[in-house]
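The residues making up each chain are set out below.
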Amino acid sequence: MRKLLAQIAEQFGTPCYVYDLDAICQRAHTIRKAFAGRFRLNYAVKSNPNGMLLCALRGLIDGLDISSGGELKRSRAAGWDATLMSFTGPAKSPLELREAVTAGIGCIVVESVEEARQIDALAEACGVRQTLLVRIAPAKVLPGFGSRMSGKPSQFGIDEEDALGAVKAIADLSNVEVCGFHVYAGTQCLDGPTIAASYLSWIEMFRHLAAGVDLSPRTLIFGSGLGIPYHDQDKPVDLAAIAESVVPALDALRAESRFVDARMVLETGRFLVGEAGFYLTRIVRTKRSRGFEIRICDGGMNHHLAACGHMGSVLHRNYRMFKVDPAVADAPVTAYDIYGPLCTSIDTLARAVRLPELNVGDVIAICCSGAYGLTASPLRFISHEEPREIIVQTVNGKHQSSDASEKEESGVVR
Ligand SMILES: *Cc1c(COP(=O)(O)O)cnc(C)c1O
């Protein structure tokens, strides 16, 4: 990979994002295999909405989770059929809902009774019957289940405590059909037992709710919560161990007559694409300041907010990173503080990261950059150019790199 990244930095320039399609295919395969096909795979477009990537995911992934009208447009432009999409979001606008209904969206994930009523009226006006999933915010979220989105006051979904009454009210509407439930209650969890226990508790909750409203669900979406090892000390999740405790419960549920037709869906973003992405940035300046070795790069927080620790983290922890020079894999290391080019002290890519000697012109690769990178960053802050996005894949045994950027050409010669 080092050699390939070095070539890409040379050919396309820095800064840039690189997405490794082979790694994404491999990951999809690993997930399916771990659960022996019991889960379908849905991809959360917000984690990386690159058009060429979305296009490449057709056939590999079963469906998309979209969360805006813009993501609906992008996904359709990438060749995805709207029937394969589910639409989440706590504040979908009337226009977005209309676009989704008229596009024939597979299902809308409603987050309130009020939203369901709005869709009911819309469906009646459009002369269709719209399929809905009801998003439930679990009453309890296990400690450590990533950045928690439920188990406390939250804008997402219908509180589990209110769910029976709410689902009954929604099921009574005549132009919508409730086809199941959706849970997404946390993310970036690396602890297998916590993930497994969460899935088990949702299975119990689905069973209870379905019986309570006398529904035979056709779709149950598990917002996966699966995390990736961003930092040096992180251990990857053990999917096999999760599957071992969850599979019997899934099978038991499927054996019940109410659930024989239920499709179980695992909805994931970062776990699928996160580790397949790298952010490449080049050292522009070197400095020694008060005993510290400082390196300043051509890209930073403006392109990669999360790597600078400003997305969902309280303390800065260095992302895993390496020097993109195949020759230095085993070279002696020095501690560097690495900064981006912005005129603000929070543009910090690494503190005391131990890397081989870094000189002007050297390139570093920041790992785990395939999700929540480019489009989750303040690209226009201080008006630097946008980074390119490069997709690599093996075609006929050879690496092929394509420029997948969507930015307008700025005319700047690289
Ligand atoms: C963001 C999101 C996801 C994906 O989360 P990851 O941590 O990237 O796996 C899945 N489902 C919903 C509803 C989301 O909002």
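Residues numbered from 1 in each chain as written. Predicted model: local features only at pLDDT ≥ 70, side-chain atom pairs only at ≥ 80, totals over all residues. Heavy atoms only, no water.

**Student:** I tried to follow the pattern of salt bridges on my own but got confused; where do I start?
**Tutor:** For side chains bearing opposite charge, pairing can occur when the charged atoms are close. Within the structure shown, the criterion is met by 16 salt bridges. Here D362 ties to K323 by a salt bridge, and the two come within 3.3 Å at their closest N and O atoms. With a gap of 39 residues between them, D362 in the loop between β15 (348–356) and β16 (363–366) and K323 in strand β13 (residues 321–323) connect regions that are remote in the sequence. Side by side, D362 and K323 carry an identical accessibility label, which is buried. (Salt bridge = Lys/Arg side-chain N within 4 Å of Asp/Glu carboxyl O. Helix = DSSP H or I, 4+ residues; strand = E, 2+ residues; numbered from the N terminus. Buried < 20%, exposed > 50% of the residue type's maximum accessible area, 1.4 Å probe, protein only.)

**Student:** Would you mind going over the site of the ligand with me for this structure?
**Tutor:** The environment of the ligand is made up of A44, K46, D65, T88, H182, Y184, T187, E267, T268, G269, R270 and Y372. G269 places a main-chain nitrogen or oxygen 2.9 Å from an oxygen atom of the ligand. Isolated, the ligand exposes 390 Å² of accessible area, and the fraction of that covered by the protein chains is 96%. Split into classes, the residues belonging to the shell around the ligand amount to 3 nonpolar, 5 polar and 4 charged. (Near = heavy atom within 4 Å. Polar contact = N/O pair within 3.5 Å; in protein donor to acceptor, adjacent residues only side chain to side chain. Areas by Shrake-Rupley, 256 points an atom, 1.4 Å probe, with all protein chains shown as cover. Nonpolar A, V, L, I, M, F, W, Y, C, P; charged D, E, K, R; others polar.)

**Student:** For this particular structure, what's the right way to read the packing of aromatic side chains?
**Tutor:** Aromatic ring pairs are reported here in terms of the distance separating the ring centres and the angle at which the planes meet. Under the criterion given, the structure shown has 13 aromatic pairs. Taken together, a centroid distance of 5.7 Å and an interplanar angle of 85 degrees make the contact between F145 and W202 edge-to-face. Of this pair, F145 sits in the loop between β6 (130–137) and β7 (158–159) while W202 is found in helix α8 (residues 192–212), placing the two residues 57 residues apart along the sequence. The same class applies to F145 as to W202, namely buried. For the ring pair F278 and F322, a centre distance of 6.0 Å and an interplane angle of 75 degrees mean the geometry is edge-to-face. (Phe/Tyr/Trp six-rings, centres within 6.5 Å; stacked < 30°, edge-to-face > 60°.)

**Student:** Looking at this structure, how should I read the confidence of the model for the protein?
**Tutor:** Predicted coordinates in areas of low pLDDT are best not read in detail. On average, residues of the protein score 95 in pLDDT, and 97% of them are at 70 or above. pLDDT under 50 marks residues 410–414. Its contacts with residues more than four places away, or in other chains, come to 9 contacts. (pLDDT = per-residue confidence, 0-100. Contact = heavy atoms within 4.5 Å.)

**Student:** For this particular structure, what's the right way to read the packing of helix α7 (residues 163–171) against α8?
**Tutor:** When two helices pack together, their arrangement is given by the angle between their axes and by how far apart the axes lie. Look at α7 against α8: their axes get within 10 Å of each other, and the N-to-C directions meet at 50 degrees. Judged on the interaxial angle alone, α8 and α7 are oblique. Two packed elements cross with a definite hand, and for α7 against α8 that hand is right-handed. Contact residues: A163, L164 and K168 in α7; H208, L209 and G212 in α8. Grouping the constituent residues of the contact of α7 with α8 by class yields 3 nonpolar, 2 polar and 1 charged. (Axes fitted to C-alpha atoms, helices over the stretch in contact; angles between N-to-C directions. Parallel < 35°, antiparallel > 145°, perpendicular 65-115°, else oblique. Left-handed = near helix turned anticlockwise from the far one by under 90°.)

**Student:** Is there a simple way to think about the domain arrangement of the protein in this case?
**Tutor:** It is common to give the size of an interface as the accessible area lost on bringing the parts into contact. Per the domain assignment, the segments making up the protein are domain 1 (49–268) and domain 2 (275–406). Each of domain 1 and domain 2 has a C-alpha centre, and these two points are 33 Å apart. Each side of the interface is counted separately: domain 1 has 12 residues, and domain 2 has 13 residues. A combined buried area of about 1,200 Å² lies between domain 1 and domain 2, and 54% of that area is made up of carbon and sulfur atoms. (Domains from an automatic or database assignment. Buried area = accessible area lost by both parts, 1.4 Å probe.)

**Student:** How do you make sense of the pairing of strand β3 (residues 63–66) when you look at a structure like this?
**Tutor:** Here is the key point about a regular strand: its side chains alternate between the two faces of the sheet. Every second residue of β3 is oriented toward a common face, with G63 and D65 on one face and L64 and I66 on the other, all of them buried. Relative to β3, strand β2 (residues 39–44) is paired through 3 bridges, and the arrangement is parallel. If you follow A44 over to β3, its bridge partner there is D65. For the crossover that starts at β2, traverses helix α3 (residues 51–57) and ends in the parallel β3, the hand is right-handed. Summarising the sheet, β3 and strand β4 (residues 85–87) pair through 3 bridges and their orientation is parallel. When the sheet's bridge partners are listed, L64 is paired in β4 with M85. Between β3 and its parallel partner β4, the chain crosses via helix α4 (residues 69–77), and the hand of that crossover is right-handed. (Pairing = 2+ DSSP bridges. Right-handed = clockwise from strand over helix to strand, strands pointing away.)

**Student:** Is there a simple way to think about empty space enclosed by the protein in this case?
**Tutor:** To locate leftover empty space, one rolls a probe as large as a water molecule over the atoms. Throughout the structure, instances matching the rule amount to 1 cavity of 30 Å³ or more. Approximately 40 Å³ is the volume attributed to the largest cavity. Its residues assigned to classes, the lining of the largest cavity shows 3 nonpolar, 6 polar and 1 charged. (1 Å grid on protein atoms, 1.4 Å probe; cavity = no way out; pocket = protein on both sides within 12 Å on 5 of 7 lines; lining within 4 Å. Points joined across faces, edges and corners; volume = space filled by probe spheres on them.)

**Student:** Just checking my understanding: could you explain the pairing of strand β1 (residues 16–20) for this structure?
**Tutor:** Where burial is concerned, most of β1 is hidden: 5 out of the 5 residues are buried. Taking every second residue as pointing to the same face, both faces of β1 are buried, with C16, V18 and D20 on one and Y17 and Y19 on the other. Both β1 and strand β17 (residues 388–395) contribute to a ladder of 5 bridges, which runs parallel. Pairing of Y19 across the sheet is with I391, part of β17. Bridge analysis of β1 against strand β11 (residues 277–289) gives 4 bridges, and the strand direction is antiparallel. Residue C16 lies in a different strand from β11, and its bridge partner there is L280.

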